[in-house]
Amino acid sequence: MTPARIAVLDYDAGNLRSAAKALTRAGADVTVTADAAEASRADALVVPGVGHFGQCVRRFRAAGLEALAQDWVAADRPLLGICVGMQILYAASEEEPVTRGLGVLPGQVRRLPDDVTVPHMGWNVVTPVRPDPLLKGIGGQRCYFVHSYYAAPSDDAHVLATCDYGPGFPCVVRVGHTVGTQFHPEKSAAVGGRLLTNFVSAVASRSVGVGSP
């Protein structure tokens, strides 16, 4: 099987190299690039992210990647957003309400409640709430989180897995072939590696997607 060609989008937002290394270990042919034309030749995109919602959105736009991401999602091609890289796919965040996100996923980003320690940092259990190819072999294991905000999809059917920190929140989402994780799979040892392998293998076996919505 030909390896999946995956472009990790470089917009100066943190965890590029660790994400690229983890995807390579998962069997992908990985390119780290800030060039939209180069990225458009890949089979899948990965949007990493560490930091502040507003700052990440502005850097993403300044890198000239917004149209690529919007067209990619509109065409229902496979895309994985990680942490803030997932959050910027939504239209708005309580972290910086005046800044518009990419708006390619329906919903918003909310702050964790004040009755828990914020930021949420460390290992916590990921609990699948519906079967999905992305989560094959994953259930009840701990993954690595570091965040103060989380995605709140407009439709509960978009939620694949939750984390029970505080009142609980979605930590894996899917809309069509766009998927996102609030935790960092590239920092989540074997379970994160399994998720990335699922993503990479599905992209390699199906040129148009990573599984059924």
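Enquirer: Quick question: what am I supposed to make of the overall build of the protein chain here?
Expert: Each helix and strand counted, the protein chain has 6 helices and 11 strands in total. A globule of 213 residues ought to have a C-alpha radius of gyration of about 17 Å, and the protein chain, at 15 Å, matches this closely. Each principal axis of the C-alpha atoms in the protein chain carries an extent, and together these give about 50 × 40 × 30 Å. Here the protein chain holds 213 residues, and the buried ones make up 53% of them. Pairs at least 24 apart in sequence give 71% of the contacts found in the protein chain among residues at least 6 apart. Of the roughly 8,700 Å² that the protein chain leaves accessible, carbon and sulfur atoms contribute 51%. The protein chain carries 19 positive and 19 negative side-chain charges, and their two centres are separated by 5 Å.

Enquirer: I tried to follow the pattern of salt bridges on my own but got confused; where do I start?
Expert: A pair can form between side chains of opposite charge whenever their charged atoms are brought close. Under the defined criterion, the tally for this structure stands at 7 salt bridges. Taking the shortest distance from any N to any O, the salt bridge between D12 and R59 comes out at 4.0 Å. Here the residue D12 occupies a position in the loop between β1 (5–9) and α1 (16–25), and R59 occupies one in helix α3 (residues 53–62), the gap between them amounting to 47 residues. Classification of D12 by relative accessible area gives exposed; the value is 52%. A residue is classified by how much of its surface remains accessible, and R59, at 30% relative accessible area, is partly exposed. The closest approach of N and O atoms between E66 and R100, which form a salt bridge, is 3.6 Å. Pair noted here: E66 is in helix α4 (residues 66–74) and R100 is in the loop between α5 (84–87) and β5 (107–111), with a separation of 34 residues, a long-range link. By relative accessible area, which is 15% here, E66 ends up buried. Here the residues in one salt-bridge network are R61, E66 and R100, joined through shared partners.

Reading the values: the criteria
Residues numbered from 1 in each chain as written. Predicted model: local features only at pLDDT ≥ 70, side-chain atom pairs only at ≥ 80, totals over all residues. Heavy atoms only, no water. Helix = DSSP H or I, 4+ residues; strand = E, 2+ residues; numbered from the N terminus. Rg over C-alpha atoms; globule rule 2.2 N^0.38 Å. Buried < 20%, exposed > 50% of the residue type's maximum accessible area, 1.4 Å probe, protein only. Contact = heavy atoms within 4.5 Å. Areas by Shrake-Rupley, 256 points an atom, 1.4 Å probe, with all protein chains shown as cover. Lys, Arg positive; Asp, Glu negative; His and termini not counted. Charge placed at Lys NZ, Arg CZ, Asp CG, Glu CD. Salt bridge = Lys/Arg side-chain N within 4 Å of Asp/Glu carboxyl O.

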